[in-house]
Amino acid sequence: MTVPTDLDQAPTVSRPRRISRGAVLVVGVFVLPFLLKVALNSYGALTVDGALRMAFATVAGQTIAILSAIVAIVLTVTRRYAWPATVAFVIIGIVITQFAVGTIASAGDLLLDRLDKIAEVDQLNR
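So, here is what we can say about the structure in this document. Computed from a prediction, not measured in an experiment: that's the story for all the values here.

## Overview of the overall build of the protein chain
Helices and strands together make up the secondary structure of the protein chain, namely 3 helices and 0 strands. Along its sequence from the N terminus, the protein chain presents helices and strands in the succession α-α-α. Taken against the 2.2 N^0.38 rule, which gives 14 Å for 126 residues, the C-alpha radius of gyration of the protein chain at 24 Å runs more than 25% over that of a compact globule. Across its three principal axes, the protein chain shows a C-alpha extent of roughly 95 × 35 × 15 Å. The buried share among the 126 residues of the protein chain stands at 25%. Averaging the positions of the 11 positive and the 8 negative side-chain charges in the protein chain gives two centres separated by 11 Å.

Shown next as structure tokens:
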């Protein structure tokens, strides 16, 4: 019986971990925007600073969602997935982008409404 040596065994090659395109979408579209909203929410009385902070959180979260959709599409194309998977991720990216742009627009409207309410309350308090 012979003892195997290091030369007899094939060297193990450690590959870098591949980032899953689904994980990119889940983290970028759901997790990070939610964490931004929770972290930058105004839990006290509504102030100008709080309204601006909440609008910023919404815009930043939706920008991250758009960028994560683009990254998922790039990962799909560069890894040369089959064309149905590529088309599906392009459609998913378009839907995410349209939803995010709509949310950003509504965040601007909501910011204006909040600033109007703050001004009204300030007027009533004088």
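## Some details on the packing of helix α1 (residues 21-39) against helix α3 (residues 83-125)
At a closest axis distance of 13 Å, the pairing of α1 and α3 adopts a crossing angle of 5°. In terms of orientation, α1 and α3 fall into the roughly parallel class. Of the residues in α3, those in contact with Arg-21, Leu-25 and Val-29 of α1 are Ala-85, Phe-89, Ile-92 and Ile-96. Of the residues in the contact of α1 with α3, the class split is 6 nonpolar, no polar and 1 charged.

Scoring rules and cut-offs
Residues numbered from 1 in each chain as written. Predicted model: local features only at pLDDT ≥ 70, side-chain atom pairs only at ≥ 80, totals over all residues. Heavy atoms only, no water. Helix = DSSP H or I, 4+ residues; strand = E, 2+ residues; numbered from the N terminus. Rg over C-alpha atoms; globule rule 2.2 N^0.38 Å. Buried < 20%, exposed > 50% of the residue type's maximum accessible area, 1.4 Å probe, protein only. Lys, Arg positive; Asp, Glu negative; His and termini not counted. Charge placed at Lys NZ, Arg CZ, Asp CG, Glu CD. Axes fitted to C-alpha atoms, helices over the stretch in contact; angles between N-to-C directions. Parallel < 35°, antiparallel > 145°, perpendicular 65-115°, else oblique. Contact = heavy atoms within 4.5 Å. Nonpolar A, V, L, I, M, F, W, Y, C, P; charged D, E, K, R; others polar.

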